[in-house]
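Summary of the model geometry
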Amino acid sequence: AQSVTQLGSHVSVSEGALVLLRCNYSSSVPPYLFWYVQYPNQGLQLLLKYTSAATLVKGINGFEAEFKKSETSFHLTKPSAHMSDAAEYFCAVSDPFGYSTLTFGKGTMLLVSP
Amino acid sequence: KAGVTQTPRYLIKTRGQQVTLSCSPISGHRSVSWYQQTPGQGLQFLFEYFSETQRNKGNFPGRFSGRQFSNSRSEMNVSTLELGDSALYLCASSFLAGKDTGELFFGEGSRLTVL
């Protein structure tokens with residue numbers, strides 16, 4: 001069965017600093033991978049997705065992620081954090097059988113200080 | 001284009017009662033999935049419906065059930081509520097069937113509190 005591990009339930013950065021949120025996955029077949037963001041009292045919004053095209057994926061709000069098969073990783077980065085980036089971030093892997101089902105990591109809360 | 005709409009947004013029930021949550025997907029989307037989100041367990045998959053058929057089901061007891069109507073709207077029902085059912089229930093829709101879709105569009109959720 002596929003699984004997702006997000007290292008660090010909380011990550012704190014200063015405004016303007018690099019954001020790095022870690023995600024490692026396991027999957028029996030080449031996966032599709034996703035990063036979602038959740039603001040308080042809201043649903044999940046897609047940041048970016050990897051679907052076996054380019055390994056470096058650019059998303060919304062300046063975020064990007066790199067798929068590294070050898071490391072089974074899909075870390076999320078942003079060069080310069082903004083206060084509005086404070087939210088919870090979830091990494092997810094697709095179902096190998098082709099259903100519209102995602103397996104999510106536990107999430108990482110990003111805290112941004114001025 | 002309207003997003004995924006979930007009703008009600010908030011509700012409070014007592015143990016032993018039952019609850020029905022509703023989800024209207026994005027127009028044209030035929031797949032609807034449900035997830036339970038709790039602080040301890042995170043996001044857990046409940047079930048997915050496509051063209052009124054349940055295609056996939058997570059590891060939840062039979063008290064959790066769902067259905068999808070011909071207009072793709074979906075409902076989920078939880079019977080004999082327990083305190084541990086308190087959670088944010090998220091509905092998500094997608095356009096196509098299968099792995100090639102991947103992307104799910106989420107509603108804002110229905111927050112259920114069981115007293």
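It should be emphasised that the depicted structure is a prediction, and the values quoted were computed from it without experimental measurement.

Comments concerning the overall build of chain B
When helices and strands are tallied, chain B shows 0 helices and 11 strands. Each helix and strand of chain B, ordered N terminal to C terminal, gives the series β-β-β-β-β-β-β-β-β-β-β. Against the 2.2 N^0.38 benchmark of 13 Å for 115 residues, chain B shows a C-alpha radius of gyration of 13 Å, consistent with a compact globule. Dimensions of chain B, computed from the C-alpha atoms along their principal axes, are close to 40 × 25 × 25 Å. Considering chain B as a whole, with its 115 residues, one finds that 51% of them fall into the buried category. Within chain B, residue pairs in contact and separated by at least 24 positions form 54% of the contacts whose partners lie at least 6 positions apart. Looking at chain B as shown, the accessible area adds up to about 5,300 Å², and 49% of this sits on carbon and sulfur atoms. Looking at charge distribution, chain B has the averaged site of its 12 positive side-chain charges lying 4 Å from that of its 8 negative ones.

Points about the overall build of chain A
Tallying secondary structure elements over chain A gives 0 helices and 11 strands in all. Each helix and strand of chain A, ordered N terminal to C terminal, gives the series β-β-β-β-β-β-β-β-β-β-β. In summary, chain A has a C-alpha radius of gyration of 13 Å against a globular reference of 13 Å for 114 residues, a match within 12%. With the C-alpha coordinates of chain A rotated into their principal frame, the extents come out at 45 × 30 × 20 Å. By the burial criterion, 47% of the 114 residues in chain A qualify as buried. Summing over all exposed atoms, chain A offers an accessible surface of approximately 5,300 Å²; the carbon and sulfur share of this is 55%.

Observations regarding the side chain of histidine 75 of chain A
All names here are of chain A. Mapped onto the elements of the fold, histidine 75 is located in strand E8 (residues 73–78). By relative accessible area, histidine 75 is classed as buried at 18%. Apart from the residues within four sequence positions on either side, histidine 75 is in contact with Leu20, Leu21, Arg22, Cys23, Asn24, Trp35, Glu64, Ala65 and Glu66.

Some thoughts on the pairing of strand E9 (residues 87–94) of chain A
Residues and elements named next belong to chain A. Along E9, 8 of the 8 residues are buried, which leaves the element largely enclosed by surrounding structure. In this structure, strand E4 (residues 33–38) lies alongside E9, joined through 6 bridges in antiparallel fashion. When the bridges of E9 are listed, glutamine 38 appears paired with glutamate 88. The pairing of E9 with strand E10 (residues 102–104) spans 3 bridges and is antiparallel. In the strand pairing of E10, valine 93 is matched with threonine 103.

With respect to the sheet that holds strand E3 (residues 19–26) of chain A
Residue and element names in this part refer to chain A. If you trace the 5 strands from one edge of the open sheet to the other, you get E1-E3-E8-E7-E6, paired in antiparallel fashion. At either end of the open sheet lies a strand with only one pairing partner, and these are strand E1 (3–7) and strand E6 (56–58). Averaged over all neighbouring strand pairs, the angle between strand axes comes to 20°, with direction disregarded. Here E3 pairs with E8 via 4 bridges, running antiparallel. Considered in E8, the bridge of asparagine 24 is made with serine 73.

Describing the environment of glutamine 68 of chain B
Residue and element names in this part refer to chain B. One can find glutamine 68 in strand E7 (residues 64–68). Under the relative-accessibility criterion, glutamine 68 is labelled buried at 6%. Once residues lying within four places of it in the same chain are set aside, the contact partners of glutamine 68 are Arg30, Val32, Tyr49, Phe50, Ser51, Glu52, Thr53, Arg73 and Ser74. There is a polar contact of 3.1 Å between the side chain of glutamine 68 and the backbone oxygen of arginine 30. A distance of 3.2 Å separates a polar side-chain atom of glutamine 68 from the backbone oxygen of serine 72.

Brief notes about the environment of tryptophan 34 of chain B
Residues and elements named next belong to chain B. Structurally, tryptophan 34 can be placed in strand E4 (residues 31–38). What makes tryptophan 34 buried here is its relative accessible area of 0%. For the pair tryptophan 34 and serine 93, spaced 59 residues apart in sequence, the C-alpha to C-alpha distance is 8.9 Å. There is a polar contact of 2.9 Å between the side chain of tryptophan 34 and the side chain of serine 74.

Criteria and thresholds
Residues numbered from 1 in each chain as written. Chains lettered and ligands numbered in written order. Predicted model: local features only at pLDDT ≥ 70, side-chain atom pairs only at ≥ 80, totals over all residues. Heavy atoms only, no water. Helix = DSSP H or I, 4+ residues; strand = E, 2+ residues; numbered from the N terminus. Rg over C-alpha atoms; globule rule 2.2 N^0.38 Å. Buried < 20%, exposed > 50% of the residue type's maximum accessible area, 1.4 Å probe, protein only. Contact = heavy atoms within 4.5 Å. Areas by Shrake-Rupley, 256 points an atom, 1.4 Å probe, with all protein chains shown as cover. Lys, Arg positive; Asp, Glu negative; His and termini not counted. Charge placed at Lys NZ, Arg CZ, Asp CG, Glu CD. Pairing = 2+ DSSP bridges. Axes fitted to C-alpha atoms, helices over the stretch in contact; angles between N-to-C directions. Polar contact = N/O pair within 3.5 Å; in protein donor to acceptor, adjacent residues only side chain to side chain.

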